Amino acid sequence: MLIHTLLYRPFFALGLMLFSVALSLPLQANPVPEADRVPLDLRRTTLIVEDVDRSLALYHEVLGLTKTYDNMVRTPREAKTDAEAEISRRLVFLQANDDFIGVLGLLEYRKPRQERTFTYEPFALGSIAMVINVEDLESLWEDIAAVPGVEVLSEPFLVSYPSYDGESIINVMQSEIRDPDGFVIEINQLLTDIR
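Read on for an overview of the structure. (Residues numbered from 1 in each chain as written. Predicted model: local features only at pLDDT ≥ 70, side-chain atom pairs only at ≥ 80, totals over all residues. Heavy atoms only, no water.)

### Let's talk about the overall build of the protein
To keep it simple, the criterion reads: Labels follow the DSSP assignment, with helices taken as runs of H or I lasting at least four residues and strands as runs of E lasting at least two, numbered in each case from the N terminus. Residue burial is assigned from relative accessible area. The probe radius is 1.4 Å, only protein chains are included, and a residue is buried under 20% of its type maximum, exposed over 50%, and partly exposed in between. Note on contacts: a residue pair qualifies if any of its non-hydrogen atoms lie within 4.5 Å across the two residues. Residue-level accessible areas treat just the shown protein chains as cover; the underlying method is Shrake-Rupley with a 1.4 Å probe.
Looking only at helices and strands, the protein features four helices and eight strands. Helices (α) and strands (β) of the protein occur, in sequence order from the N terminus, as α-α-β-α-β-β-β-β-α-β-β-β. Per-residue burial for the protein yields a buried fraction of 37% across its 195 residues. Here the contacts in the protein between residues at least 6 apart in sequence split such that 58% fall between residues at least 24 apart. Element-wise, carbon and sulfur atoms account for 55% of the exposed surface of the protein, whose accessible area totals about 12200 Å².

### Description of the sheet that holds strand S1 (residues 44-49)
For clarity, the cut-off: One requirement defines pairing of two strands: DSSP has to find at least two bridges between them. Lines fitted to the C-alpha atoms define the axes, with helices restricted to the stretch that makes contact. Angles between their N-to-C directions range from 0 to 180 degrees.
One open sheet accounts for four strands, arranged S1-S4-S3-S2; its pairing is mixed. The open sheet is flanked by S1 and strand S2 (66-75), the only strands paired with a single partner. In this sheet, adjacent strand axes meet at a mean angle of 20° when their direction is disregarded.

### As for helix H3 (residues 52-62)
Definition in use: Polar contact is defined as a pair of N or O atoms within 3.5 Å, subject to the rule that within protein one atom must be able to donate a hydrogen and the other to accept it, and that residues adjacent in sequence are counted only when both atoms are side-chain atoms.
Restricting attention to buried positions, one finds in H3 the residues Val52, Ser55, Leu56, Ala57, Leu58, Tyr59 and Val62. Where H3 starts, the residue carrying a side-chain oxygen 2.9 Å from the main-chain nitrogen of Asp53 turns out to be Asp51. Just beyond H3, the residue with positive phi is Gly64, at close to 90°.

### Some thoughts on the sheet that holds strand S5 (residues 129-133)
The mixed open sheet is built from four strands, whose spatial order is S5-S8-S7-S6. Lying at the two open borders of the sheet, with one neighbouring strand each, are S5 and strand S6 (151-162). Adjacent strand axes in the sheet meet at a mean angle of 25°, parallel and antiparallel pairs treated alike. Taken together, the seven bridges between strand S7 (residues 169-178) and strand S8 (residues 184-190) define a ladder with antiparallel strand orientation. Looking at S8, one finds that Ile177 is bridged to Ile185. Across the sheet, helix H4 (residues 137-146) is in contact with S6, S7 and S8; its angle to S6 comes to roughly 155°.

As structure tokens, this is what we get:
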């Protein structure tokens, strides 16, 4: 664990910041009072993926997100088949505990096919890191690491963060992977009740 901390020290501060944002989400699980509402909702994040089925092996089958939408979107809209379409995409929506916010979209371009044109370093400027909290990281870890195309960046390790009141600590089992399309995902388990 010490070697891991030393190797990833440049990324620790950014990881702490991203995790702090993620920790605030459970505290906002209840609707915001009307007087405090802002005129927007962070509705969905959509990942452009090479193969939706390969992505579903991680997000749906192992992590357990519920599939709520799975359709072909073609241009022009009247096209009934990929052969009739100029552009053909498969779009899937996945949700955790809310059906309107925090939805994960997976979008696969089938016609024309797209190829990845870049790879980014984890936690580098211009990259993203999605944080997912699970109830039992230990029981899921072997299946997560075994998904074809998943690259393990760090196996689960214990991290402690300052609490919101600054008086205590929040303990977290944290892991980091690249999904099959290269997106960096922190898969964490809260060990301290912050609600």
